[in-house]
Amino acid sequence: MNSTLVISIMVGLIVILLLVGAPIKPMRFIGQATIKLGIGILFLFFVNVFGGAIGLHIPINLFTAVVAGFLGLFGVASLTAIHLFII
């Protein structure tokens, strides 16, 4: 597909959502899930930066980001414990 076509389709969908209106509940859920996923990625990044000195590296992928994002610091701690004691 041409990139111009993809961008045009995306802009068209955004315009349609602005005119028609998006359902509030699903959009709020998607927004909150995206924010939590981003926070999980940041948690994992900082664990990898500061844990590199002791040889701790947790890969940043969809599963670990979801666990860290939705469980917060307890998720990061559990991933760290799994890495240190099991793997």
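Just so you know, these numbers come straight off a predicted model, no measurement behind them.

**Quick look at helix α3 (residues 62-71)**
Thinking step 1. Turning to α3, its buried residues number three or more, namely Thr-64, Ala-65, Val-67, Ala-68 and Gly-69.
Thinking step 2. Here the buried face of α3 lies against α2 (24-51) and α4 (73-86).
Thinking step 3. By the N-cap criterion, in which a side-chain oxygen at the helix start approaches the backbone nitrogen of a residue two or three places on, α3 is capped by Asn-61, the distance to Phe-63 being 3.3 Å.
Thinking step 4. Immediately beyond the C-terminal end of α3, within one or two residues, lies Gly-72, with a positive phi of roughly 70 degrees.

**A look at the packing of aromatic side chains**
Thinking step 1. Tallied over the full model, the rule gives two aromatic pairs.
Thinking step 2. Note on Phe-45 and Phe-46: the rings are 5.5 Å apart at their centroids and 65 degrees apart in plane angle, and the pair reads as edge-to-face.
Thinking step 3. A relative accessible area of 43% places Phe-45 in the partly exposed class.
Thinking step 4. Classification of Phe-46 by relative accessible area gives partly exposed; the value is 42%.

**Description of the packing of α2 against α3**
Thinking step 1. As a packed pair, α2 and α3 sit with axes 7 Å apart at the nearest point and diverge in direction by 105 degrees. Our classification of the angle between α2 and α3 gives roughly perpendicular. Along the contact surface, α2 presents Ala-33, Lys-36, Leu-37, Gly-40, Ile-41, Phe-43 and Leu-44, while α3 presents Thr-64, Ala-65, Val-66, Ala-68, Gly-69 and Phe-70.
Thinking step 2. Looking at the contact of α2 with α3 residue by residue, the class counts come to nine nonpolar, three polar and one charged.

**Quick word on a nonpolar patch on the surface**
Thinking step 1. Nonpolar side chains collect at one region of the surface, where Leu-5, Ile-7, Ile-9, Val-11, Leu-13, Val-15, Ile-16, Leu-19 and Val-20 lie side by side and expose about 880 Å² of accessible area between them.
Thinking step 2. Inspection of the secondary structure assignment puts Val-11 in helix α1 (residues 3-20).

**A few points about the nonpolar core**
Thinking step 1. Within the largest apolar cluster, eight residues are counted, these being Leu-44, Val-47, Leu-56, Ile-58, Val-67, Ala-68, Val-76 and Leu-79.
Thinking step 2. Ignoring sequence-local partners within four residues, the contact set of Val-47 consists of Gly-52, Leu-56, Ile-58, Val-76 and Thr-80.

**A word on the packing of α3 against α4**
Thinking step 1. For the pair α3 and α4, the least separation of the axes is 5 Å and the interaxial angle reads 140 degrees. What the angle tells us is that α3 and α4 run oblique. Touching Thr-64, Val-67, Ala-68 and Leu-71 of α3 are Leu-73, Phe-74, Gly-75, Val-76, Ser-78 and Leu-79, all from α4.
Thinking step 2. Residue composition of the contact of α3 with α4, grouped by class: seven nonpolar, three polar and no charged.

Definitions and limits used
Residues numbered from 1 in each chain as written. Predicted model: local features only at pLDDT ≥ 70, side-chain atom pairs only at ≥ 80, totals over all residues. Heavy atoms only, no water. Buried < 20%, exposed > 50% of the residue type's maximum accessible area, 1.4 Å probe, protein only. Helix = DSSP H or I, 4+ residues; strand = E, 2+ residues; numbered from the N terminus. Contact = heavy atoms within 4.5 Å. Polar contact = N/O pair within 3.5 Å; in protein donor to acceptor, adjacent residues only side chain to side chain. Phe/Tyr/Trp six-rings, centres within 6.5 Å; stacked < 30°, edge-to-face > 60°. Axes fitted to C-alpha atoms, helices over the stretch in contact; angles between N-to-C directions. Parallel < 35°, antiparallel > 145°, perpendicular 65-115°, else oblique. Nonpolar A, V, L, I, M, F, W, Y, C, P; charged D, E, K, R; others polar. Patch = residues over 30% accessible without salt bridge, like charges linked within 9 Å, V, L, I, M, F, W, Y side chains within 5 Å. Areas by Shrake-Rupley, 256 points an atom, 1.4 Å probe, with all protein chains shown as cover. Salt bridge = Lys/Arg side-chain N within 4 Å of Asp/Glu carboxyl O. Core = buried A, V, L, I, M, F, W, Y, C linked by side-chain atoms within 4.5 Å.

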